[in-house]
Amino acid sequence: MFKKRIFYQGEINLSKVGLKLLYIGVFLLPSAPVIAAVTLFISLLLSNNNNPINFIKERTNKVFIIVSLLMILSCIYNSFNNPIFVQKEIGNLSWISLINWIPFFWCFWGFQPYLEKQTSRKMVGKLLVIGSLPVIISGFLQYFFNVTGPFQILNGLIIWYQKPISLTDGLTGPFNNPNYAGSWLTLVWPFSLYYFLINQKKYKKIITLIICFLFITSILLTNSRNSWLGMLIAIQTMLGFETIFLLIPLILLSFILLTFIISLLPTSIRNDFLSFVPINIFNNFPDKSIDFSEAYPRLEIWKFSIENILKRPLLGWGGGSFPIVYETFKGKWIGHPHNIIFELAFNYGVITAVIISYKIFQYLNKSYRLIANYAVLKINIGKENLIFEKAWFSSILFIIFSHLFDMQYFDLRISIMTWILLAGLRAAMI
């Protein structure tokens, strides 16, 4: 539990500055990630002086310290004991890859004091929605009018370039690909739905309804299956929280059944359908004319991942090694295992993957139990506040769900926001 904060006046002001910088960073994150990262870094430095939890003594941090040591040990071990073909190709990448993890363990601790109060978390949710509107607008310009840029502001400090739709077949906005854009919009989607649900005034209801419509449309246009499912899961979580773990499997099974049915459709029917809708949804579903492994490539990737994890289960192959190992044995380049647990186990070993996964699922479970205790929460925090906690939970639930089938984590915006949301989830339980 957070200890009572007793600061000098200067420290109080410093804490307020850090909180404001957090807000600015969250607002800028989707459109100017580098500037946002610098702003959030300064916010974390200010948090160090005011954080009432000792980094070393806090139980979760001890776990992440152990994980960090295991990751470093993996890098040391694999620098000398990896197969020659891996050592030759990977160079220092294994050490550089630690940047994707160890600094974020610090972020998880450093952002918690800022996010302890629900009012602060609500401001983060509001800024996420507002800050994502330029992504939606630019995505519409890209998708419907082929406006790709590049656009520069602040004398080139911020540059936006959007890939032509012909190369992506889905809305990307300023993101690298449609899956990244879809993941970002879907993790923000629960907060836009929250503001629609709580606003009672007619003009606010209309505005928030329009914003929700914009999010739904842009998510559909990304052509990302993960995002489509995530949007449905978020709606279910927000409106029927108590039944989410019953209905989520049903949603997944329905989607699998739909995939199978669509795969049986003749090409002529697919083409006729596309003439009526602006979204080429069939690119997300296999054609019956191709073989099983080509239709469902992730199954082959997961099989390869498990086989090679078992070859080096203790410390893995080293960070960034998966595409090298896969290309060596399979003859084609695949960037990651399309599953974050397999990614961790492949790179750093099964122990590291199990520890991180256990802690995150533990926080998710605790948060679910807290929210599910509706009677208590309704008395203590009120219905509106309860809906917000569901929105926060929905956002992090989607991130975890999506990373079981794909890896958007290596986009700076998504990795930063993931750990901010996890920090808020943890802070809400203290």
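Residues numbered from 1 in each chain as written. Predicted model: local features only at pLDDT ≥ 70, side-chain atom pairs only at ≥ 80, totals over all residues. Heavy atoms only, no water.

## Topic: the overall build of the protein chain
Rules: Secondary structure is summarised from DSSP: a helix means a run of H or I of at least four residues, a strand means a run of E of at least two, and numbering begins at the N terminus for each. The buried label goes to any residue with under 20% of its type's maximum accessible area, the exposed label to any with over 50%, and the partly exposed label to all in between, with areas taken from a 1.4 Å probe on protein chains only. The contact criterion used is simple: two residues touch if any of their non-hydrogen atoms lie within 4.5 Å. Each accessible area is a Shrake-Rupley estimate made with a 1.4 Å probe; only the visible protein chains count as cover when residues are assessed.
Along the backbone of the protein chain there are 21 helices and 2 strands. A burial count over the protein chain gives 52% of its 430 residues as buried. A separation threshold of at least 6 residues defines the contact pool for the protein chain, and within that pool the share at least 24 residues apart is 74%. A total accessible area of about 20,600 Å² is found for the protein chain, and carbon and sulfur atoms account for 68% of it.

## Describing the side chain of Ser 47
So the rule is basically this: In protein, a polar contact means a hydrogen-donor-capable atom and an acceptor-capable atom, both N or O and within 3.5 Å, with residues adjacent in sequence counting only if both atoms are side-chain atoms; elsewhere, any N or O pair within 3.5 Å suffices.
Mapped onto the elements of the fold, Ser 47 is located in helix H2 (residues 33–50). Judged by relative accessible area, which is 3%, Ser 47 ranks as buried. Within polar-contact distance, the side chain of Ser 47 engages the backbone oxygen of Gly 110 at 2.5 Å. In contact with Ser 47, not counting residues within four places along its chain, are Gly 110, Pro 113 and Tyr 114.

## Points about a nonpolar patch on the surface
Convention followed: Two distance rules govern patches: like charges are joined within 9 Å, and nonpolar side chains (Val, Leu, Ile, Met, Phe, Trp, Tyr) within 5 Å, applied only to residues with over 30% relative accessible area and no salt bridge. Any carboxyl oxygen of Asp or Glu within 4 Å of a side-chain nitrogen of Lys or Arg constitutes a salt bridge here.
There is a patch of nonpolar side chains on the surface, built from Val 34, Val 38, Phe 41, Ile 42 and Leu 45 and spanning about 440 Å² of accessible area. Within the secondary structure layout, Val 38 lies in helix H2.

## Concerning the nonpolar core
Here is the rule: Buried residues of nine kinds, namely Ala, Val, Leu, Ile, Met, Phe, Trp, Tyr and Cys, make up a nonpolar core once their side-chain atoms join them within 4.5 Å.
By size, the foremost hydrophobic cluster in this structure holds 107 residues, and its most contacted members are Met 71, Phe 111, Leu 115, Trp 184, Met 417 and Ile 420. If we ignore the near neighbours within four places in the chain, the residues touching Met 417 are Leu 29, Val 124, Leu 128, Trp 184 and Leu 187.

## As for the side chain of Lys 122
Summarising the element assignment, Lys 122 is placed in helix H7 (residues 118–145). In contact with Lys 122, other than residues within four places in its own chain, are Tyr 194, Tyr 195, Glu 384, Asn 385 and Phe 388.

## Regarding the pattern of salt bridges
Under the definition given, this model contains 6 salt bridges. For Arg 298, the salt bridge identified is with Asp 406, shortest N-O distance 3.7 Å. Here Asp 406 lies in the loop between helix H20 (383–402) and helix H21 (412–428) and Arg 298 lies in helix H15 (residues 297–309), a separation of 108 residues in the sequence. Judged by its relative accessible area of 6%, Asp 406 falls in the buried class. Among the salt bridges present, the one from Glu 307 reaches Lys 303, with a minimum N-O distance of 2.8 Å.

## Things to note about empty space enclosed by the protein
Under the convention used in this document: Here a cavity is any set of points on a 1 Å grid over the protein atoms alone where a 1.4 Å probe fits but cannot get out, and a pocket is any open set with protein on both sides within 12 Å along at least 5 of 7 lines; a residue lines the site when it has an atom within 4 Å of a point. Grid points are joined across faces, edges and corners, and a volume is the space filled by probe spheres set on the points. Residues are grouped as follows: Ala, Val, Leu, Ile, Met, Phe, Trp, Tyr, Cys and Pro are nonpolar; Asp, Glu, Lys and Arg are charged; all remaining types, including Gly, are polar.
For the coordinates displayed, the defined rule picks out 1 cavity of 30 Å³ or more. Elements with a contribution of two residues or more to the lining of the largest cavity: helix H17 (340–348), helix H18 (350–372), H20 and H21. In terms of residue class, the lining of the largest cavity is made up of 14 nonpolar, 3 polar and no charged.

## Regarding the packing of aromatic side chains
Quick reminder of the rule: Only rings of Phe, Tyr and Trp enter the pairing, Trp through its six-membered ring, and a pair is recorded when the two centres are within 6.5 Å. The plane angle decides the type: under 30 degrees is stacked, over 60 is edge-to-face, the rest tilted.
Following the criterion strictly, the structure yields 27 aromatic pairs and no others. Relative to Tyr 409, the ring of Phe 104 has its centre 6.2 Å away and its plane inclined at 65°; by these criteria the two rings are edge-to-face. Of this pair, Phe 104 sits in helix H6 (residues 102–110) while Tyr 409 sits in the loop between H20 and H21, and the two are 305 residues apart along the sequence. Here the aromatic rings of Phe 191 and Trp 392 are separated by 5.8 Å at their centres, their planes lie at 80°, and the arrangement is edge-to-face. One end of the pair, Phe 191, is in helix H9 (residues 178–198); the other, Trp 392, is in helix H20, and 201 residues separate them in sequence. Classification of Phe 191 as buried rests on a relative accessible area of 0%. Members of the aromatic cluster, joined through ring pairs, are Phe 304, Trp 317, Phe 322, Tyr 326, Phe 329 and Phe 346.

## Quick word on the packing of H17 against H18
Formally: Comment: axis = line fitted to C-alpha atoms, over the contacting stretch for helices; angle = value between 0 and 180 degrees taken between N-to-C directions. Left-handed describes a crossing whose near helix is turned anticlockwise from the far helix through less than a right angle; right-handed describes the clockwise counterpart.
Here H17 crosses H18 at 150°, and the two axes come no closer than 7 Å. As for how H17 packs across H18, the hand of that crossing is right-handed. Along the contact surface, H17 presents Ile 341, Leu 344, Ala 345 and Tyr 348, while H18 presents Val 350, Thr 352, Ala 353, Ile 356, Ser 357 and Phe 361.

## Describing the packing of H9 against H21
The line we're drawing: Note that the term roughly parallel is reserved for angles under 35 degrees, roughly antiparallel for angles over 145, roughly perpendicular for angles of 65 to 115, and oblique for everything else.
Interaxial distance between H9 and H21 falls to 10 Å at its minimum, and their mutual angle equals 30°. The angle between H9 and H21 places the two elements in the roughly parallel class. Relative to H21, H9 is oriented so that their crossing is left-handed. Touching Tyr 180, Ser 183, Trp 184, Leu 187 and Phe 191 of H9 are Arg 413, Ile 414, Met 417 and Leu 421, all from H21.

## Structural notes on the confidence of the model for the protein chain
Operational definition: The pLDDT value tells you how sure the predictor is about a given residue, anywhere from 0 up to 100.
Per-residue pLDDT for the protein chain averages 84, and the proportion of residues at 70 or more is 81%. Of the regions scoring below 50 in pLDDT, residues 1–13 engages in 15 contacts with residues more than four places distant in sequence or in other chains.

## Considering H18
An α-helix turns once every 3.6 residues. As a result, residues three or four positions apart point the same way. In plain terms, the rule: Each helix should span, by expectation, one fewer than its residue count multiplied by 1.5 Å.
Look at H18: 32 Å from first C-alpha to last across 23 residues, which is about the 33 Å you get at 1.5 Å a residue. Those residues of H18 not exposed but buried are Thr 352, Ala 353, Ile 356, Ser 357, Lys 359, Ile 360, Tyr 363, Leu 364, Ser 367, Tyr 368 and Ile 371.

## Re H9
Which entries qualify depends on this criterion: To obtain the bend at a residue, axes are fitted to the seven residues ending there and to the seven starting there, and the angle between these axes is taken.
An ideal rise of 1.5 Å per residue puts 30 Å on 21 residues; H9 measures up with 30 Å between its terminal C-alpha atoms. The largest bend in H9 is about 35°, located at Trp 189, with the proline Pro 190 one to four residues further on. Here H9 lies mainly inside the structure; 18 of its 21 residues are buried. Capping the start of H9 is the job of one residue whose side-chain oxygen sits 2.9 Å from the backbone nitrogen of Asn 179: Asn 177.

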